[in-house]
Amino acid sequence: MSEVKEMVVEVVEKIFKDKVEKETVDLLEENKWAEDVWQLLLENELHHVAVSEDDGGAGGDVEDLFALYFLVGRYAAPVPFIEHTLANFFLQQVDLKGFGQLTTYSITNPLQLKDNALSGTLKHVGWAQYAEKIVTVAQEGSQHFIVVADLKDALLKNSTNLAAEPRSEVVFENLKALNKLPITANQYDAFKKFVTAASVSKMSGALTTAFQLSIQFSKEREQFGRPIHRFQLVQQHLANMAGEQTLMTVAVNNILTLLADGREENEVAYARLRMEDASRTVATSAHQVHAAIGVTHEHRLHHYTRRLWAWRDEEFTARYWKKQLAQQLLETKLDLWESITDQVETHVHA
């Protein structure tokens, strides 16, 4: 964690608290977005948090950046902050300078690269219809590359996810790559973990607000002459949510510290698997506590539960990481139980 984290988090939270109202999030339903909030972030140069000082940034680390992703999820901020900053973060990892123009990314499925021309289809690309450039991964033979391309020359089929956030199918047909740099298999794996950690961070933010809204509602809503939080069934739902929210907060802090220190192994994968259960429990219990009003458009709860449902099915999902972890276990020469517990069997001799 860098020295700028506390200050930057405070500034971003103030912007979101002042500017991101329910009506702001609802703009997405009208195919609009919070451009004024985005401009505020740009004016305060918050999109340069994790950019090195030599390149005009704040010199923060990945922990600083992902702390802001938590706030994006917590306030359901309808801005392309994650897409733009993560795209430029990837470029910085391969010593390429980022872009001032709005940039997005997609590294889930590599494009095909031949004679510096890109071909293939990227699905569910966030904010592509508003971005000018895209950072992605391409493959030529057995070699992978980080590449940059202009979106104005690609074919976009625009849509939205379950939370009404912009998503596009981007089709490349022999499109020229603006920049390309080879990356190793380990670098590509690291990029996948960064994307997954970003997802876990923003989901943790949305999960936290869904829990807080449930606490607030349970204290304000009365049945049979008393607040509903005094009823045992409601208390059980709140207790379940509290446990999941606390667990995921600890998990997020852990993986961000490990990523910043370069000590991460499989913690991101396990955190993503655990988020699958946590998001399901919190979304279900939150709607149980709110009852019918929780599914109305007028209430804010759906902004967060819809995001939890949408985000868990995007990019590197829990299913993807289950397969990766299972393959590792199948390839290990250790006993399966020893691999899971990291314990060495002790033999007792008579």
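Refer to the structure above for everything that follows.
Just so we're clear, the structure is a prediction, and the values are computed from it rather than from any experiment. (Residues numbered from 1 in each chain as written. Predicted model: local features only at pLDDT ≥ 70, side-chain atom pairs only at ≥ 80, totals over all residues. Heavy atoms only, no water.)

Visitor: An account of the sheet that holds strand β3 (residues 133–140) is needed here, citing residue identities and associated values.
Guide: Spatially, β5-β6-β2-β1-β3-β4-β7 is the arrangement adopted by the seven strands of the open sheet, whose pairing is mixed. At either margin of the open sheet sits one strand with a lone partner, and together these are β5 (155–160) and β7 (179–183). On average, each strand axis in the sheet is tilted by 20 degrees relative to the strand beside it, whichever way the strands run. Here helix α5 (residues 81–93) sits on the sheet in contact with β1 (103–114), β2 (117–126), β3 and β4 (143–150), set at roughly 50 degrees to β1. (Pairing = 2+ DSSP bridges. Helix = DSSP H or I, 4+ residues; strand = E, 2+ residues; numbered from the N terminus. Axes fitted to C-alpha atoms, helices over the stretch in contact; angles between N-to-C directions. Contact = heavy atoms within 4.5 Å.)

Visitor: How would you explain helix α1 (residues 5–19) if you had to name every residue and give the values?
Guide: Helix length check: α1 (15 residues) gives 21 Å between terminal C-alpha atoms against 21 Å at 1.5 Å per residue, within 8%. Looking at the buried positions of α1, the neighbouring elements they touch are α3 (35–43) and α4 (62–75). (Expected span 1.5 Å × (residues − 1).)

Visitor: Run through the packing of helix α7 (residues 232–261) against helix α8 (residues 267–290), naming residues and quoting values.
Guide: For any two helices packed against each other, the geometry is given by the interaxial angle and the distance between the axes. Between α7 and α8, the least distance of the axes is 9 Å, while the angle of their chain directions is 155 degrees. As summarised for this structure, α7 and α8 are arranged roughly antiparallel, according to the angle between their axes. As for the relative orientation of α7 and α8, their crossing is left-handed in sense. In terms of residue class, the contact of α7 with α8 is built from 16 nonpolar, six polar and three charged. (Parallel < 35°, antiparallel > 145°, perpendicular 65-115°, else oblique. Left-handed = near helix turned anticlockwise from the far one by under 90°. Nonpolar A, V, L, I, M, F, W, Y, C, P; charged D, E, K, R; others polar.)

Visitor: So what about the side chain of S218? Which residues, and what values?
Guide: With respect to the helices and strands, the residue S218 is situated in helix α6 (residues 185–220). Judged by its relative accessible area of 1%, S218 falls in the buried class. A polar contact is formed between the side chain of S218 and the backbone oxygen of I215, at a distance of 2.8 Å. In this structure S218 touches P227, I228, H229, V234, L238 and V289, once residues within four positions along its chain are discounted. (Buried < 20%, exposed > 50% of the residue type's maximum accessible area, 1.4 Å probe, protein only. Polar contact = N/O pair within 3.5 Å; in protein donor to acceptor, adjacent residues only side chain to side chain.)

Visitor: How would you explain the pairing of β2 if you had to name every residue and give the values?
Guide: Alignment of β1 against β2, held across three bridges, turns out to be antiparallel. Looking at β2, one finds that Q112 is bridged to S119. Where β2 and strand β6 (residues 166–176) come together, eight bridges link them in antiparallel fashion. Paired with A117 across the bridge in β6 is K176.

Visitor: Quick rundown of the pattern of salt bridges? Include the residues and the values.
Guide: Pairs can form between side chains of opposite charge whenever their charged atoms are close. Evaluation of the coordinates by the stated rule reveals 16 salt bridges. Among the ionic pairs, E165 bridges to R307, the shortest N-O distance being 3.9 Å. Taken together, the residues E165 in the loop between β5 and β6 and R307 in helix α9 (residues 301–311) connect sequence positions 142 residues apart. Neither residue differs from the other here; E165 and R307 are each classed as buried. For D277, the salt bridge goes to R280, with nearest N and O atoms at 3.2 Å. With D277 and R280 both in helix α8, this residue pair falls three residues apart, about one helical turn. (Salt bridge = Lys/Arg side-chain N within 4 Å of Asp/Glu carboxyl O.)

Visitor: I'd like a rundown of the pairing of β3, residues and numbers included.
Guide: Counting buried residues along β3, six of its eight residues qualify, which places the element largely inside the surrounding structure. By the bridge criterion, six bridges tie β1 to β3 in an arrangement that is parallel. Across the sheet, the residue bridging to T104 is I134, located in β3. In this structure, β3 lies alongside β4, joined through eight bridges in antiparallel fashion. Residue pairing in the sheet places A138 in a bridge with F145 of β4. The turn joining β3 and β4, which pair antiparallel and follow one another in sequence, is formed by two residues; a positive phi near 70 degrees is taken by G141.

Visitor: So what's going on with the packing of aromatic side chains? Residues and values would help.
Guide: Applying the stated criterion across every chain yields a total of 13 aromatic pairs. Considering the side-chain rings of F316 and Y320, the 5.1 Å spacing of their centres and the 55 degrees angle between planes classify their relative orientation as tilted. Owing to a relative accessible area of 4%, F316 belongs among the buried residues under this scheme. Judged by relative accessible area, which is 22%, Y320 ranks as partly exposed. For the ring pair Y320 and W321, a centre distance of 5.1 Å and an interplane angle of 85 degrees mean the geometry is edge-to-face. What makes W321 buried here is its relative accessible area of 6%. Connected via pairs of aromatic rings, a cluster forms that spans F89, F90, Y105, F191 and F194. Sitting above the plane of the Y188 ring, K192 keeps its charged end 4.4 Å from the centroid. Here R226 stacks its cationic end above the ring of F231, 4.2 Å away from the centre of that ring. (Phe/Tyr/Trp six-rings, centres within 6.5 Å; stacked < 30°, edge-to-face > 60°. Lys NZ or Arg CZ within 6 Å of the ring centre and 35° of its normal.)

Visitor: Break down the environment of L96 for me, with residues and values.
Guide: Looking at the element boundaries, L96 is found in the loop between α5 and β1. As for L96 and T160, which are separated by 64 residues in sequence, their C-alpha atoms are 30 Å apart. Not counting chain neighbours up to four residues away, the residues in contact with L96 comprise L91, N179 and L181.

Visitor: So what's going on with unusual backbone geometry? Residues and values would help.
Guide: Despite not being glycine, N31 has its phi angle at roughly 60 degrees, a positive value. Here N31 shows up in the loop between α2 (22–26) and α3. What makes N31 exposed here is its relative accessible area of 60%. Within the chain, A164 stands out as a residue other than glycine whose phi angle is a positive 70 degrees. Residue placement: A164 occurs in the loop between β5 and β6. Since its relative accessible area comes to 8%, A164 is described here as buried.

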